[in-house]
Amino acid sequence: MSTVEKISKFVGGTFSVWVILFAILGFFLPEAFVGGKGYISLLLGIIMFGMGLTLSADDFREVFRRPVHVVIGVVGHYLIMPSLAFILAVALQLPPDIAVGVILVGCCPSGTASNVMTYLSKGDVALGVSIAAVSTLIAPLATPALISLLAGQWMHIDTKALFMDIVTVVIVPIVLGVIVKALFKRQAAASAKALPLVSTIAIVLIVAIVVAINKGKILETGLIIFAVVILHNVLGYLLGYGFAKLFGLNLAKRKAVTLETGMQNSGLGAALAAAHFNPIAAVPSAIFSVWHNISGSVLATWFAKKEEK
């Protein structure tokens with residue numbers, strides 16, 4: 001194993017620690033990160049390009065091999081998390097910018113770390129990867145439509161601009177990654193070994209930048225946002241598990257659906273919020289980035305000990 005592979009494996013295995021560390025750095029040393037605001041979309045594009053490099057025909061073969069299970073996961077994700085975000089925003093009477101930020105992260109596709117957590121939980125990894133891939137590919141349509149439907153009562157939502165941004169920072173990089181992998185298989189396979197390192201650097205920088213930009217707002221409203229994010233994520237896991245159980249999925253599949261439901265692509269939420277709304281709307285996404293990696297790790301560890309009866 002090369003030095004890069006060793007470093008990449010170590011960083012990938014300690015991902016939650018790095019997210020927390022950079023969130024703290026962004027808060028206490030904001031001057032080091034505020035200048036990076038304009039690079040959030042680029043960093044997300046790098047993450048999505050890496051995802052494209054790792055996608056294979058097998059990931060989509062699962063969609064056709066067992067479409068019902070994939071549909072359950074994708075529908076559960078886009079039904080549960082946006083609905084929960086809206087209910088929490090209304091029930092807790094959140095300020096408009098924070099309400100939109102919570103709904104925004106709730107309407108994003110599955111998180112980039114959810115597949116790792118599914119693997120650690122001894123869940124159905126192939127199903128998890130398929131759910132994440134499909135939820136990401138339909139995000140240009142699903143995410144703007146849901147945001148417009150649920151957040152429109154707080155402020156005007158430019159659905160077309162959101163659609164174009166998601167295509168630009170998510171779909172185009174993924175497609176480029178797939179093309180590069182097809183054309184340069186050997187080089188792509190070699191570079192894939194460093195992807196955990198590259199993705200981790202990009203994600204933690206997004207978190208640090210968003211926290212740095214919003215330090216003042218976090219001091220004012222941080223507690224309520226933390227509470228909402230934790231409730232949103234934990235209830236997402238619970239309802240995701242119940243949704244999968246309702247359709248009779250076995251334990252390994254329930255684990256996958258649970259983690260794919262509760263973990264969001266909060267980097268996309270931060271990028272969209274920074275580009276289209278008040279900067280405070282990006283804070284729920286930044287806090288979600290930190291929290292769901294902690295909760296996901298804990299849940300995956302607990303799930304790993306749980307076996308079908």
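Preceding this paragraph is the structure being described.
The rules we used
- Every chain's residues receive numbers from 1 upward, in the order its sequence appears when written.
- Local features are withheld for residues below a pLDDT of 70 in this predicted model, meaning they are given only at 70 or higher, and side-chain atom pairs are given and counted only at 80 or more; totals for whole chains, interfaces and linings count all residues.
- Here the side-chain values reflect all heavy atoms present in the structure, with hydrogen atoms and water set aside.
- Only DSSP runs of H or I reaching four residues or more are called helices, and only runs of E reaching two or more are called strands; each is numbered from the N terminus.
- The globule rule used here is 2.2 Å times the number of residues to the 0.38 power, and the radius of gyration it is set against is calculated over C-alpha atoms.
- Burial here depends on accessible area, computed with a 1.4 Å probe over protein chains only, as a share of the maximum for the residue type. Under 20% is buried, over 50% is exposed, and the range in between is partly exposed.
- Whether two residues touch is decided by their heavy atoms; if any such pair falls within 4.5 Å, the residues are in contact.
- Only the protein chains shown count as covering a residue, and every accessible area follows the Shrake-Rupley method with a 1.4 Å probe.
- Residues scored as charged are limited to Lys and Arg (positive) and Asp and Glu (negative), so that His and the chain ends carry no count.
- In plain terms, the charge of a residue is placed at NZ if it is Lys, CZ if Arg, CG if Asp and CD if Glu.
- Salt bridge, as used here: a side-chain nitrogen of Lys or Arg that lies within 4 Å of a carboxyl oxygen of Asp or Glu.

### Digging into the overall build of the protein chain
A tally of regular secondary structure across the protein chain gives 16 helices and zero strands. Scaling as 2.2 N^0.38, a compact globule of 309 residues should have a C-alpha radius of gyration of about 19 Å, and the protein chain matches this with 18 Å. With respect to the three principal axes, the spread of C-alpha positions in the protein chain is 45 × 45 × 40 Å. Burial status across the protein chain gives 54% buried among its 309 residues. Considering only contacts in the protein chain between residues 6 or more positions apart, those separated by 24 or more positions represent 86%. Here the protein chain displays about 13600 Å² of accessible surface, and carbon together with sulfur accounts for 71% of that area. Of note, the protein chain has its 21 positive side-chain charges centred 8 Å away from the centre of its 13 negative side-chain charges.

### Some words on the pattern of salt bridges
Scanning the model with the defined rule gives two salt bridges in all. With a closest N to O distance of 2.7 Å, Arg66 and Asp124 form a salt bridge. Here Arg66, found in the loop between helix 4 (57-65) and helix 5 (67-91), pairs with Asp124, found in the loop between helix 7 (114-120) and helix 8 (125-137); they are 58 residues apart in sequence, far enough to count as distant. A relative accessible area of 12% places Arg66 in the buried class. Overall, the relative accessible area of 14% leaves Asp124 in the buried class. Linking Asp124 and Lys253 is a salt bridge whose minimum nitrogen-to-oxygen distance equals 3.9 Å. Of this pair, Asp124 sits in the loop between helix 7 and helix 8 while Lys253 is found in helix 14 (residues 251-262), placing the two residues 129 residues apart along the sequence. The exposure classification of Asp124 matches that of Lys253, with both residues buried. A single network of salt bridges, built from pairs that share partners, joins Arg66, Asp124 and Lys253.

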